[in-house]
Amino acid sequence: MIEDGPVYRNPTQPVARRVEDLLTRMTPAEKIGQLNQVFVVPENREQITELIRQGGVGSRIIATSHLAGSTEQQAAEVEDLNDLQRIAVEETRLGIPLIHGRDIIHGHRTVFPIPLALAAMFDEALVEEAFAVAAREAASAGVHWSFAPMLDIARDPRWGRVVEGFGEDPYLASRLAIAAVHGFQGDDPAAPDRVLACAKHYVGYGAAEGGRDYNTAEISDTTLRNVYLAPFRAAVDAGVGSVMSAFHDLNGEPATGSFYLLTEILKHELGFQGFVVSDWASVAELVNHRVAADRCDAARIALMAGVDMDMVCGCFQEHLAGLLERGAIDAARLDDAVRRVLGAKFRLGLFERPYTDPQAGARVRFAPEHRALARRIAARAAVLLENRGLLPLTKEARRIAVIGPLAQERRALLGSWVLDGIIAETQTLVEAVAEVCPQAEILSASRALSDEMLMRAAEADVVILAVGESDARNGEYNNVAELRLPAGQDELIEAVAGLEKPFIVVVLSGRPVVLNRAARQASALLWAWHPGSMGAAGIADVLFGDAEPGGRLPLTFPRSTGHVPIHYNHRSTGRPAMSRYHDMPATPLYRFGSGLGYTTFTFSDIVVSAATIAADGHLTVSALVTNTGLRAGETVAQCYVRDDVASITRPVRELKGFARVALAPGESRRVAFDLGPAELGFYGRHGRWRVEPGTFTVWVGADSSANLEARFTVAL
Ligand code: BGC
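Caption draft 1: Inspection of the overall build of the protein chain at higher detail. Per the secondary structure count, the protein chain includes 23 helices and 26 strands. Taking the principal axes of the C-alpha coordinates as reference, the protein chain spans close to 75 × 65 × 50 Å. The proportion of buried residues among the 716 residues of the protein chain is 63%. Here the analysis covers contacts within the protein chain between residues at least 6 apart in sequence; of these, 76% occur between residues at least 24 apart. For the protein chain, the accessible surface area stands at approximately 25,900 Å², while carbon and sulfur atoms represent 50% of it. When the 71 basic and 88 acidic side-chain charges of the protein chain are each reduced to a single mean position, those positions are 3 Å apart.

Dropping the structure here:
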């Protein structure tokens, strides 16, 4: 039967042939329809249904407002998705299925810690597993395509969306980008438990001036290539199916209207074969940027720049036909956009499997093994910044006060981009501590900052004080001018410190916050982020030693807001000692890569396998790691490299390798890192990749201040 049908319907045919076959059958209107993404709410449902029937819709975003991540969103029922899909598949001339997209940012029904926390694990395998679980749950709910991973490098944590990315380092972000893409797409995105990934927000969106979301960014071409593009390049090489063009203006061109960024760099230089979707209405916003006179002009500019699908604003749908007739857009460009979108639909197997089984979700969502993984990840992402011998707590019977504005909180544990997690399923820290340590008497107090809290603290033997940000204080458009805890929390920490009892400050936050002296001098300080559905249990596991705090900072913590932008991999300067402040040290409060465990490690005996290598050669740098403490534990061995003299100013050091090393007390192991052109080269003048001859310094250690060093030479 199949052999007799059209080529595009035949799954044994290669995707490229199916695409060409289908394309030749399509009218201009049908082509344009494929580039139109819509959202469906009760008010527009009838109209959208009709548009689908006419072939005017290519994709549906499962969202009900433009602030999907910052407002409550209703989940679309699978039946509802199937209903509109049925119209596309059975009632249109060519039967092209819709692709359903949704923001699956850090989990679906099982919510994992925020992406910034996932980065803190320095653990690609677990990041991949988390995204694979998110894919499985999302796919069971009818989602074909996730608008993640978010790959924006961010050096200014005032910017609320720092929560969604992998931090400040291009190397760490690149390795995790690959893990996330594999987690979502697997080897074959057509598998029923996989979804298409989307690398966003292309590009430089994290460099918003003043840390204000959507704001202008200025990034030099070398910094763009060496820093901001790096994770996108990695995602493209890993086969990411789509890329989202960002909202902002970069160097005088809105990203959504930039031929240079979308076509010259992304499609030509990086060789991206998938499709570009705009961000929500960012095509229409070209008018606000004043580079387009009106919506028609915006449609023309965006399509010709390289946007393949218009997210929800309707500019493509309204204007591309007229533009085509007038010859104002290129028919070949239109075909290219359609090819890219159709290619993704074929690769996802949507022609063969357009519908979702409404029963599928019940089998996988919030499954026990997903919850166990989320719990493990919450502990591994938590960063222990101070410990004056108090942690881990013993489980003996005593009075433990679990207080603070976030001690009884559920929603804030989930984090900012949570569309499908269930608040009621999320334990509070009070509940989790009681469960993990049933012998103890738990003293708690109401949420408001109150005398009652201090009374409970005064009665206790040890105090766990949960402070931090609500989920609504970071995320899209939620920026802060001051990196401080919300009102009253600094005073609360000081008041608890005044009791002179052992106390642990647990901070739940989506960004670094400048902490007062009382917090830094607490018996212990644990940075637990927004840790997800199982976050409270994961934190309790860490507090009582059932798990080690596994996280290391994926971005620099500043001493004050005035220190930002601050990042460890800054370039070498002419007068480093004099580049300082009068009122504070210029150094970070907590360094990139730092974090404590429950045992101690030393690094020694660094060895490079060759004194000299060719520019295309490789060498191994290794060092001996020893667990010098009394407990088994894990460290993150980190390898940093500096090109000692280069043709352009290069960073003082850059992360080029990391590995988690688990050792028994007294045990040693040699950890090795491979260094080759990818680690030693950089984009120089005119965007050219080069490995330059000369000496390189390499360090191996436990954070970005590692000082165990060696040298080698790249020969002429
Ligand atoms: C955000 C994107 C998101 C999109 C769809 C936009 O406001 O910037 O990150 O994927 O909405 O919800």
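On we go.
Caption draft 2: Layout of the packing of helix H12 (residues 295–305) against helix H13 (residues 315–325). H13 packs onto H12 with a crossing angle of 85 degrees between their chain directions and a minimal axis gap of 9 Å. Taken together, H12 and H13 sit at an angle that is classed as roughly perpendicular. Here Arg295, Cys296, Ala299, Arg300, Ala302 and Leu303 of H12 come into contact with H13, specifically with Cys315, Phe316, Glu318, His319, Leu320 and Leu323. For the contact of H12 with H13, a count of residues per class yields eight nonpolar, one polar and three charged.

Caption draft 3: Region of the structure containing the site of the ligand. Around the ligand sit 15 residues, and of these Asp103, Arg161, Lys200, His201 and Asp279 come closest. Measuring from an oxygen atom of the ligand, one finds a side-chain N or O atom of His201 at 2.7 Å. Here the ligand loses 100% of its free accessible area of 310 Å² to cover by the protein chains. Looking at side-chain class alone, the shell around the ligand contains eight nonpolar, two polar and five charged residues.

Caption draft 4: Local environment of a negative patch on the surface. On the surface, a cluster of negative charge is made up of Glu128, Glu129, Asp187 and Asp188. Within the secondary structure layout, Glu129 lies in helix H6 (residues 124–140).

Caption draft 5: Inspection of the sheet that holds strand S3 (residues 99–102) at higher detail. Taken together, the five strands give an open sheet; going across it, the order is S4-S3-S2-S1-S10, and neighbouring strands pair in parallel fashion. At either end of the open sheet lies a strand with only one pairing partner, and these are strand S4 (145–146) and strand S10 (310–311).

Caption draft 6: Highlighting the side chain of Asp123. Residue placement: Asp123 occurs in the loop between helix H5 (115–120) and H6. Among the polar contacts listed, one links the side chain of Asp123 to the side chain of Arg380, at a separation of 2.6 Å.

Caption draft 7: Local environment of the environment of Arg109. Its place among the elements puts Arg109 in the loop between S3 and H5. Along the chain, Arg109 and Glu692 lie 583 residues apart, while their C-alpha atoms are 49 Å from each other. In terms of polar contacts, Arg109 uses its side chain to reach the side chain of Glu425, at 2.6 Å.

Caption draft 8: Representation of the state of the cysteines. All chains considered together, the criterion is met by zero disulfides. Between Cys313, a free cysteine, and Cys315, which holds the nearest cysteine sulfur, the sulfur-to-sulfur gap is 3.5 Å.

The rules we used
- Residues numbered from 1 in each chain as written.
- Predicted model: local features only at pLDDT ≥ 70, side-chain atom pairs only at ≥ 80, totals over all residues.
- Heavy atoms only, no water.
- Helix = DSSP H or I, 4+ residues; strand = E, 2+ residues; numbered from the N terminus.
- Buried < 20%, exposed > 50% of the residue type's maximum accessible area, 1.4 Å probe, protein only.
- Contact = heavy atoms within 4.5 Å.
- Areas by Shrake-Rupley, 256 points an atom, 1.4 Å probe, with all protein chains shown as cover.
- Lys, Arg positive; Asp, Glu negative; His and termini not counted.
- Charge placed at Lys NZ, Arg CZ, Asp CG, Glu CD.
- Axes fitted to C-alpha atoms, helices over the stretch in contact; angles between N-to-C directions.
- Parallel < 35°, antiparallel > 145°, perpendicular 65-115°, else oblique.
- Nonpolar A, V, L, I, M, F, W, Y, C, P; charged D, E, K, R; others polar.
- Near = heavy atom within 4 Å.
- Polar contact = N/O pair within 3.5 Å; in protein donor to acceptor, adjacent residues only side chain to side chain.
- Patch = residues over 30% accessible without salt bridge, like charges linked within 9 Å, V, L, I, M, F, W, Y side chains within 5 Å.
- Salt bridge = Lys/Arg side-chain N within 4 Å of Asp/Glu carboxyl O.
- Pairing = 2+ DSSP bridges.
- Disulfide = S-S within 2.5 Å.

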